[in-house]
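# Working through the structure, step by step
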Amino acid sequence: MRVAALIVAAGRGSRVGGGVPKQYVRIGGETILQRAIDAFALHPAVALVQSVIHADDGSLYEDSLSRRPAALRAPVTGGSSRQASVRAGLEALAAEEPDLVLIHDAARPFVDRGLIDRVVAALERHPGAIPALAVADTLKRADAGQTIAETVDRAGLWRAQTPQGFRFARILDAHRAAAVEGFDDFTDDAAIGEWAGFPVALVEGDARNIKITTAADVADAQAACEAAMTMESRIGTGFDVHRFAEGSSVWLCGVEIPHTHKLEGHSDADVALHALTDALLGTIGDGDIGQHFPPSDPKWKGAASHLFLTEAARRVRARGGRIVNVDVTLLAEAPRIGPYRVAMQARVAEILGITADRVGVKATTMEELGSIGRREGIVAMANASVLLPFSTAQDQS
Ligand code: MG
């Protein structure tokens, strides 16, 4: 049985805040969409994962994924309704000829392996199967004045969840037929199965498989993620050297220090901030300073190097990371660093948004050995330590 997953991520819902559709909001350092994709892409029974996104969201989608499991296909563009978006995804999958398809809302990031297993197992006996929860609350129907008109019998009523599973050919045919007949407002795929006249079974849903809809849902999900989250410790190193040139001051750790020379470089040549930037980028495997701020780009000519370190810190935080400490050692015969050490610590702490006791600034001479000993330039070496959310999914992809 070849099983495909279709992740429907074309919605515009942004009630959760953050100014982006909710599937692109991060909880516990990962986007809701990434969590939904991983749930299927890392499931041993699922061979391929197809997502459907809105035409305007190409770059949001690219930025939203911190990893791309092998099963994940390039996204396709959805249509003007949920139903049209699902159909676009099914048409894209048709060439792959899956036996089964699991259609899932991107806004349900907590779907687990057991739930997926139950849906797949039910498809051995039924052309369609969806997870659902029996309604536990007493149901009321209200009149226009919001007073109770009647109590509704809840026997036999269920709340539908996703993934909704189908034999692929059956649901593709049903979607095509519904489109031909001019229907475009089915709110889930089971309803299309019902309309097409094939049986759709109910399997046991999961109360944790919530559909994130409001800002309160995001806050709850964030708290749940943090409670379950293991942080892992990351370490990065950085190294940089700049030579002296004619001038009257050097920049080190964002502090200008009077000197007989300046340091030569495309930016302000702050060798210490450059090494720190590389150390931070190293903690998340995100390239180096030359890649993010190429010296060939005139934009960075004479740039203040705190911009580089600020961006590296932003990249760490975008991954849910927390900077634990940074430490830099300068190798220089001159100028003397001691008188500026406190100011340098304070400045780096300010740039990174951490306390000064998390910033080490040290210096040594080279005992007049080698090029640094001959006062031809200054070397900086740096370390950074970061705590990053640890996802078991990352190890399995
Ligand atoms: Mg440099």
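Quick note: structure is the one above.
In this section: the overall build of the chain. What the chain contains, in helices and strands, is 13 helices and 19 strands. Taken against the 2.2 N^0.38 rule, which gives 21 Å for 397 residues, the C-alpha radius of gyration of the chain at 28 Å runs more than 25% over that of a compact globule. When its C-alpha atoms are laid out on the principal axes, the chain stretches across 85 × 50 × 35 Å. Residue burial in the chain is summarised as follows: out of 397 residues, 47% are buried. In the chain, 74% of the contacts between residues at least 6 apart in sequence involve partners at least 24 apart.

The magnesium ion binds to the protein through Asp240 (OD), His242 (NE2) and His274 (ND1), with metal-donor distances spanning 2.1 to 2.2 Å. Sequence positions of the residues that donate to the magnesium ion give the spacing D-x1-H-x31-H. Residue aspartate 240 is located in strand S13 (residues 230-246), and its partner histidine 274 is located in helix H8 (residues 271-283); the two are separated by 34 residues in the primary sequence. Across this residue pair, the class does not change: aspartate 240 and histidine 274 are buried.

Counting across every chain of the model gives seven aromatic pairs. Between phenylalanine 183 and phenylalanine 186, the ring centres sit 5.7 Å apart and the planes meet at 45 degrees, which makes this aromatic pair tilted. Note on phenylalanine 183: relative accessible area 34%, which makes it partly exposed. Ring centres of phenylalanine 183 and tryptophan 195 lie 5.3 Å apart, and the angle between their planes is 65 degrees; this geometry places the pair in the edge-to-face category. One end of the pair, phenylalanine 183, is in the loop between helix H5 (168-180) and helix H6 (189-196); the other, tryptophan 195, is in helix H6, with 12 residues separating them in the sequence. Given the relative accessible area of 32%, tryptophan 195 is considered partly exposed.

So, on to the pattern of salt bridges. On inspection of all chains with the given rule, the structure shows 22 salt bridges. Across the salt bridge formed by arginine 108 and aspartate 105, the nearest N and O atoms sit 4.0 Å from each other. The pair formed by arginine 108 and aspartate 105 is uniform in burial state, with each residue classed as buried. Here arginine 234 and glutamate 232 are joined by a salt bridge, their closest N and O atoms 2.8 Å apart. Among the charged side chains, a salt-bridge network with shared partners connects Arg82, Asp105, Arg108, Asp189 and Lys211.

Looking at the element boundaries, arginine 108 is found in the loop between strand S6 (100-105) and helix H4 (113-122). Excluding residues within four positions of it along the chain, arginine 108 makes contact with Ala36, Ala160, Gln161, Thr162, Asn209, Ile210 and Lys211.

So, about H5. Across its 13 residues, H5 extends 18 Å between first and last C-alpha, which sits within 8% of the 18 Å expected from 1.5 Å per residue. Looking at the buried side of H5, the elements it contacts are helix H3 (82-94), S6, strand S11 (164-167) and H6. One or two residues past the end of H5 sits glycine 182, with phi positive at roughly 85 degrees.

With that settled, consider the packing of H3 against H5. Two elements in contact, H3 and H5, have axes whose closest approach is 10 Å; the angle formed by their N-to-C orientations is 130 degrees. In this view, H3 runs oblique relative to H5, as classed from their interaxial angle. At the point where H3 passes H5, the crossing takes the left-handed sense. Listed contacts from H5 to Gln83, Val86, Arg87, Leu90, Glu91, Leu93 and Ala94 of H3 are Phe168, Ile171, Leu172, His175, Arg176, Ala178 and Ala179. Among the residues making up the contact of H3 with H5, the classes are represented as nine nonpolar, two polar and three charged.

In this section: the sheet that holds strand S19 (residues 377-390). Through backbone hydrogen bonds, the strands of a sheet pair up, either in parallel or in antiparallel fashion. With respect to topology, five strands assemble into an open sheet ordered S16-S13-S19-S17-S18, the strand pairing being mixed. The open sheet is flanked by strand S16 (261-263) and strand S18 (359-364), the only strands paired with a single partner. On average, each strand axis in the sheet is inclined to that of its neighbour by 20 degrees, with strand direction left out of account. With nine bridges joining them, strand S17 (residues 322-331) and S19 adopt antiparallel strand pairing. Counterpart to valine 326 in the pairing with S19 is alanine 384. Where H8 meets the sheet, it contacts S13, S16, S17 and S19, and its direction lies at approximately 155 degrees from that of S13. Against the sheet, helix H10 (residues 306-318) makes contact with S17 and S19, and its axis sits at roughly 150 degrees relative to S17, the strand it touches most.

Examined bridge by bridge, S6 and S11 share four bridges and lie antiparallel to one another. From the neighbouring strand, valine 101 faces S11, where its bridge partner is phenylalanine 166. Bridge count between strand S7 (residues 128-134) and S11: two bridges; the pairing is antiparallel. Within S11, the position partnered with glycine 128 by the bridge is phenylalanine 166.

This part takes up unusual backbone geometry. The step from threonine 162 to proline 163 runs through a cis peptide bond, and the omega angle for that step is 15 degrees. Here proline 163 lies in the loop between strand S10 (158-160) and S11. Even without being a glycine, alanine 269 presents a positive backbone phi close to 65 degrees. Turning to its location among the elements, alanine 269 is positioned in the loop between S16 and H8. Even without being a glycine, glutamate 368 presents a positive backbone phi close to 65 degrees. Mapped onto the elements of the fold, glutamate 368 is located in the loop between S18 and helix H12 (370-373). Note on glutamate 368: relative accessible area 57%, which makes it exposed.

Rules behind the numbers
- Residues numbered from 1 in each chain as written.
- Predicted model: local features only at pLDDT ≥ 70, side-chain atom pairs only at ≥ 80, totals over all residues.
- Heavy atoms only, no water.
- Helix = DSSP H or I, 4+ residues; strand = E, 2+ residues; numbered from the N terminus.
- Rg over C-alpha atoms; globule rule 2.2 N^0.38 Å.
- Buried < 20%, exposed > 50% of the residue type's maximum accessible area, 1.4 Å probe, protein only.
- Contact = heavy atoms within 4.5 Å.
- Donors = N, O, S within 2.8 Å, 3.2 Å for Na, K, Ca; no water.
- Phe/Tyr/Trp six-rings, centres within 6.5 Å; stacked < 30°, edge-to-face > 60°.
- Salt bridge = Lys/Arg side-chain N within 4 Å of Asp/Glu carboxyl O.
- Expected span 1.5 Å × (residues − 1).
- Axes fitted to C-alpha atoms, helices over the stretch in contact; angles between N-to-C directions.
- Parallel < 35°, antiparallel > 145°, perpendicular 65-115°, else oblique.
- Left-handed = near helix turned anticlockwise from the far one by under 90°.
- Nonpolar A, V, L, I, M, F, W, Y, C, P; charged D, E, K, R; others polar.
- Pairing = 2+ DSSP bridges.

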